[in-house]
Amino acid sequence: RSASTIRCAFDKELGTTMPFKYWDPMGLASDGDAGAFRRRRAGEVKNGRVAMWACMGYITPEYFRWPGYLSPSANLKFTDVPNGVAALSKVPA
């Protein structure tokens, strides 16, 4: 199949927008396989949801901290742990 035929086949899918309509810069759907297209789309949605939760996990400590101890044996409170990547060096293994 030609690239324009494949592009037209996926132009009516949910999420296609103007001016590009269906845009596939890497040519992942160049084979025209609808099953692979649906699998990749489901994977994209799932990865997007995981990324959103990861962002929430990074932002939430700026506004909320659990009360009490993260590690009672190390006398480490949740409020003692810095935000972001700096927390990796402070949390006991």
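None of the values given here were measured: they were computed from a predicted structure. (Residues numbered from 1 in each chain as written. Predicted model: local features only at pLDDT ≥ 70, side-chain atom pairs only at ≥ 80, totals over all residues. Heavy atoms only, no water.)

Now for the overall build of the protein. From N to C terminus, the protein includes two helices and two strands. Order of helices (α) and strands (β) in the protein, N terminus to C terminus: α-α-β-β. The globule rule puts the C-alpha radius of gyration for 93 residues at 12 Å, and the 22 Å found for the protein is more than 25% above it. Across its three principal directions, the C-alpha atoms of the protein cover 65 × 25 × 20 Å. Out of the 93 residues belonging to the protein, those deemed buried represent 14%. Long-range pairs, those at least 24 residues apart, make up 23% of the contacts in the protein with a sequence separation of at least 6. Counting only carbon and sulfur atoms, one obtains 62% of the accessible surface of the protein, whose full area is about 7,600 Å². Averaged over its 13 positive side-chain charges, the protein has a centre that lies 3 Å from the centre of its 8 negative ones. (Helix = DSSP H or I, 4+ residues; strand = E, 2+ residues; numbered from the N terminus. Rg over C-alpha atoms; globule rule 2.2 N^0.38 Å. Buried < 20%, exposed > 50% of the residue type's maximum accessible area, 1.4 Å probe, protein only. Contact = heavy atoms within 4.5 Å. Areas by Shrake-Rupley, 256 points an atom, 1.4 Å probe, with all protein chains shown as cover. Lys, Arg positive; Asp, Glu negative; His and termini not counted. Charge placed at Lys NZ, Arg CZ, Asp CG, Glu CD.)

Once that is clear, we can look at the packing of aromatic side chains. Inspection of every chain in the model, using the stated rule, returns one aromatic pair. When the centroid spacing of 5.2 Å and the interplanar angle of 80° are considered together, the rings of Phe 64 and Trp 66 count as edge-to-face. Overall, the relative accessible area of 42% leaves Phe 64 in the partly exposed class. Taking relative accessible area as the criterion, Trp 66 reaches 56% and is therefore assigned exposed. (Phe/Tyr/Trp six-rings, centres within 6.5 Å; stacked < 30°, edge-to-face > 60°.)

Counted as a void, the largest pocket has a volume near 390 Å³. What lines the largest pocket is a set of 15 residues, among which Tyr 22, Trp 23, Phe 37, Arg 41 and Glu 44 lie closest to the centre. In terms of residue class, the lining of the largest pocket is built from seven nonpolar, three polar and five charged. Put simply, the second largest pocket is a space of about 250 Å³. Lining the second largest pocket are 15 residues, with Pro 61, Phe 64, Arg 65, Phe 78 and Asn 83 sitting closest to its centre. The biggest single contributor to the lining of the second largest pocket is helix 2 (residues 34-59), with three residues. (1 Å grid on protein atoms, 1.4 Å probe; cavity = no way out; pocket = protein on both sides within 12 Å on 5 of 7 lines; lining within 4 Å. Points joined across faces, edges and corners; volume = space filled by probe spheres on them. Nonpolar A, V, L, I, M, F, W, Y, C, P; charged D, E, K, R; others polar.)

Let us now look at unusual backbone geometry. Phi is positive for Asn 75, close to 55°, though the residue is something other than glycine. Relative to the helices and strands, Asn 75 is located in the loop between strand 1 (69-71) and strand 2 (76-77).

The next point concerns the environment of Ala 34. By secondary structure assignment, the location of Ala 34 is in helix 2. Judged by relative accessible area, which is 40%, Ala 34 ranks as partly exposed. Separated by 25 residues in sequence, Ala 34 and Ala 9 place their C-alpha atoms 9.0 Å apart.

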